[in-house]
Amino acid sequence: MRRIRANAIAILTVAWILGTFYYLWQDNKPHSSPSSVSHPKSTKSVGQKQTGRLEIHREERSIPLIVTHAPRLDRGTRSGGRFDEKVYLSGKQLKAGEDPYREHAFNLQESNRLSSERAIRDTRHYRCAAITFDPDLPATSVIITFHNEARSTLLRTIKSVLLRSPPSLIQEIILVDDFSTDPDDCQLLTQIPKVRCLRNSKREGLIRSRVRGAEAATATILTFLDSHCEVNTEWLQPLLQRVKEDHTRVVSPIIDVISLDNFAYLAASADLRGGFDWSLHFKWEQIPIEQKMSRTDPTQPIRTPVIAGGIFVMDKGWFNHLGQYDTQMDIWGGENFELSFRVWMCGGSLEILPCSRVGHVFRKRHPYDFPEGNALTYIKNTRRAAEVWMDDYKQYYYAARPSAQGKAFGSISERLELRRQLNCHSFQWYLENVYPELKIPEADASPALIRQGSMCLESETQDKQGDTLVGLGECRAARGSLPLSQEWVFSEPFIHQQNRCLSITAFSPGSKVRLELCSQKDARQKWKLKGQSYQHQMSGLCLENQSGVAVINLCHAQLASQMWETQQVT
Ligand code: UD2
Ligand code: MN
């Protein structure tokens with residue numbers, strides 16, 4: 001009996017071993033299914049399989065993406081060759097000891113380490129997954145302009161589009177290489193199906209580059225992306241659906257955050273829209289409370305006064321009809337206001353669609369140069385937007401950005417003519433109907449005396465550096481003939497005379513103040529009114545009259561030398 005049992009065990013063991021060998025042998029045979037997940041340890045590359053389909057290798061640690069339709073390689077077209085990702089990426093590697101933030105203002109080492117096909121979390125509200133879309137959505141041309149983008153981020157942008165969009169909806173990806181140092185950054189990518197490359201023969205900036213891309217686009221819908229994005233699950237369908245239903249809608253996704261330090265993909269709040277202050281500084285702001293209360297469905301579109309600028313979908317005919325972009329704007333900045341005002345004021349609308357998510361690496365500084373300087377370029381561009389679209393309200397722009405006065409901004413006659421032809425609404429209409437939350441500054445933007453009794457704050461002589469000293473002098477206020485040296489405009493946070501701003505000279509108590517050229521970013525120039533005192537924002541010190549010299553000192557409520565009266569000059 002015991003012997004029979006021993007034999008049975010032996011037979012079962014042999015059968016199990018044979019079975020295992022057979023199974024392993026089967027598994028090593030070449031797969032016939034093109035969608036199979038490839039060998040986990042293989043390199044990160046996109047190559048052509050015998051089947052003629054795109055094979056996607058994944059790193060072991062990344063969660064496999066579900067690729068429902070593998071994009072086909074259109075062999076023989078364009079540059080003809082096959083794309084070798086490894087060669088492309090290894091063409092640009094960080095040198096040992098090099099600062100990984102230097103070239104791109106994000107951690108290049110971390111970006112290079114990540115797979116070009118890494119999985120990211122689906123950050124949408126769970127209800128989004130149940131939404132269905134028209135089966136006949138129109139295809140789009142994706143336009144990505146870039147100047148010296150890192151290869152790994154650019155490639156991840158492109159591959160995320162190809163992997164996370166239904167192939168039939170991507171007509172093409174148009175890269176506009178804005179005169180990057182290495183033409184191969186762009187050119188080599190045309191070996192990927194659907195990718196085209198247009199290279200500028202000189203640096204044009206993102207605005208003219210986008211217009212070039214849009215003109216070359218063959219699809220009826222344009223999709224703009226920055227060159228360091230990753231699109232998320234079903235990002236494209238909600239955008240195309242809204243534009244298909246009404247071609248005057250210009251739509252954006254929620255822009256998630258890709259950390260510039262470790263490239264973690266982080267969900268952005270779904271309660272934000274685009275806003276700005278009078279200096280035309282873009283900011284994310286909470287949806288107004290009444291709108292928030294009335295939003296019962298979190299998948300509904302969010303009306304937005306402005307878009308951030310980089311990621312949006314727009315009908316090509318509507319883009320052209322509305323005058324594309326102001327192509328006299330240079331390099332970067334301001335074009336999002338110009339486009340947003342134009343869309344709203346000339347018959348369209350702007351929306352953020354919460355069921356569409358796209359990640360973007362937000363940076364703290366520009367990694368590239370501005371031939372005319374960063375500040376002057378931003379002023380030129382925003383000045384053009386203000387002069388063409390803001391009617392009399394542009395005075396608040398100048399009050400908030402005194403340094404813009406007198407700066408060159410070129411001719412705007414063509415854009416004014418466009419506005420006339422399109423028969424657009426006024427800026428007042430925009431304020432009343434689209435952005436009532438933007439408050440009109442109080443009369444505080446008109447010139448005033450800042451006085452203590454009979455003594456007035458005044459600008460004095462220039463010192464050796466050309467900066468103007470500030471002290472107190474007898475108020476010489478014969479009305480109407482006031483010396484300019486005693487006229488101040490306080491438009492928070494700046495206290496200024498024309499384009500010169502009251503600035504502290506050091507952050508310690510007792511430091512003098514003087515007038516320097518205004519700069520939006522200079523924390524030394526930022527003040528707030530606290531009761532009757534002018535408090536320097538960052539140091540927390542208060543403007544004080546120290547025997548006729550203007551200084552900052554520890555704030556004392558009710559200290560006479562720190563209490564100022566403002567008297568409007570009429
Ligand atoms: C934001 C927008 C950006 C643009 C900008 C205002 C998002 C996510 N980004 O700034 O698209 O609207 O505000 O102008 O909303 N580039 C060129 N040529 C240049 C300079 C830049 O092609 O001379 C490219 C650049 O490589 C990038 C894109 O333009 O792909 C936007 O530049 P950015 O990433 O420096 O701008 P960002 O995200 O700070
Ligand atoms: Mn960007």
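Under an unreviewed UniProt entry, the name given to the protein is Polypeptide N-acetylgalactosaminyltransferase, and the source organism is Erpetoichthys calabaricus. Taken directly from UniProt, the Pathway (unreviewed entry) text for the protein runs: "Protein modification; protein glycosylation." The record in UniProt for the protein states the following under Cofactor (unreviewed entry): "Mn(2+)".

**What about the domain arrangement of the protein?**
Many descriptions give the size of an interface as the accessible area lost when the pieces come together. The domain boundaries assigned to the protein delineate domain 1 (54-361) and domain 2 (443-568). Computed over C-alpha atoms, the centres of domain 1 and domain 2 are 46 Å apart.

**Some points on the coordination of the manganese ion (ligand 2)**
Distances from the manganese ion (ligand 2) to its protein donors, Asp226 (OD), His228 (NE2) and His360 (NE2), fall at 2.2 Å. Counting residues between consecutive donors of the manganese ion (ligand 2) along the chain gives the motif D-x1-H-x131-H. Separated by 132 residues along the polypeptide, His228 in the loop between β6 (221-225) and β7 (229-231) and His360 in strand β14 (residues 349-361) bring together distant segments of the chain. His360 shares its class with His228; the two are buried.

**What about the packing of helix α11 (residues 374-389) against helix α13 (residues 413-422)?**
At a closest axis distance of 9 Å, the pairing of α11 and α13 adopts a crossing angle of 40 degrees. It follows that α11 is oblique to α13 by the angle criterion. Seen from above, α11 lies across α13 with right-handed handedness. Here Arg384, Glu387, Val388 and Trp389 of α11 come into contact with α13, specifically with Arg415, Leu416 and Arg419. A per-class count over the contact of α11 with α13 returns three nonpolar, no polar and four charged.

**Regarding the site of ligand 1**
Taken together, 21 residues lie near ligand 1, and Asp178, Ser227, Gly333, Glu335 and Tyr368 sit nearest. In this structure, Gly310 approaches ligand 1 through a main-chain N or O atom, which is 2.9 Å from an oxygen atom. Measuring from an oxygen atom of ligand 1, one finds a side-chain N or O atom of Trp332 at 2.9 Å. For the shell around ligand 1, the secondary-structure elements that each account for two or more residues are β3 (140-146) and α6 (206-216).

**A word on the environment of Glu474**
For Glu474, the position within the fold is in strand β17 (residues 468-474). Remark: the alpha-carbon pair of Glu474 and Arg199, spanning 275 residues in sequence, is separated by 63 Å. Residues within four places of Glu474 in sequence aside, it is in contact with Ser454, Met455 and Gln486.

**Details of the state of the cysteines**
In the structure shown here, the tally under the stated rule is six disulfides. Linked covalently through their sulfurs, Cys501 and Cys518 form a disulfide whose S-S length is 2.0 Å. Its S-S torsion of about 95 degrees marks the bond between Cys501 and Cys518 as right-handed, since a negative value means left-handed. Pair noted here: Cys501 is in strand β20 (residues 500-504) and Cys518 is in the loop between β21 (513-517) and β22 (527-530), with a separation of 17 residues, a long-range link. On the basis of relative accessible area, Cys518 is assigned to the buried category, the value being 12%. Two residues share a disulfide in this structure: Cys542 and Cys555, whose sulfurs sit 2.1 Å from each other. Its torsion about the S-S bond being 95 degrees, the disulfide of Cys542 and Cys555 is classed as right-handed.

**Considerations on the pairing of strand β8 (residues 249-258)**
Burial analysis of β8 places nine of its ten residues in the buried class, the great majority of the element. As judged from the ten bridges shared by β8 and β14, these two strands associate in the parallel manner. Paired with Pro253 across the strands is Leu353, a residue of β14. Taken together, the two bridges between β8 and strand β9 (residues 265-266) define a ladder with antiparallel strand orientation. Paired with Ile258 across the strands is Tyr265, a residue of β9.

The rules we used
- Residues numbered from 1 in each chain as written.
- Chains lettered and ligands numbered in written order.
- Predicted model: local features only at pLDDT ≥ 70, side-chain atom pairs only at ≥ 80, totals over all residues.
- Heavy atoms only, no water.
- UniProt positions renumbered as here; feature names shortened; annotations may be inferred.
- Domains from an automatic or database assignment.
- Donors = N, O, S within 2.8 Å, 3.2 Å for Na, K, Ca; no water.
- Helix = DSSP H or I, 4+ residues; strand = E, 2+ residues; numbered from the N terminus.
- Buried < 20%, exposed > 50% of the residue type's maximum accessible area, 1.4 Å probe, protein only.
- Axes fitted to C-alpha atoms, helices over the stretch in contact; angles between N-to-C directions.
- Parallel < 35°, antiparallel > 145°, perpendicular 65-115°, else oblique.
- Left-handed = near helix turned anticlockwise from the far one by under 90°.
- Contact = heavy atoms within 4.5 Å.
- Nonpolar A, V, L, I, M, F, W, Y, C, P; charged D, E, K, R; others polar.
- Near = heavy atom within 4 Å.
- Polar contact = N/O pair within 3.5 Å; in protein donor to acceptor, adjacent residues only side chain to side chain.
- Disulfide = S-S within 2.5 Å.
- Pairing = 2+ DSSP bridges.

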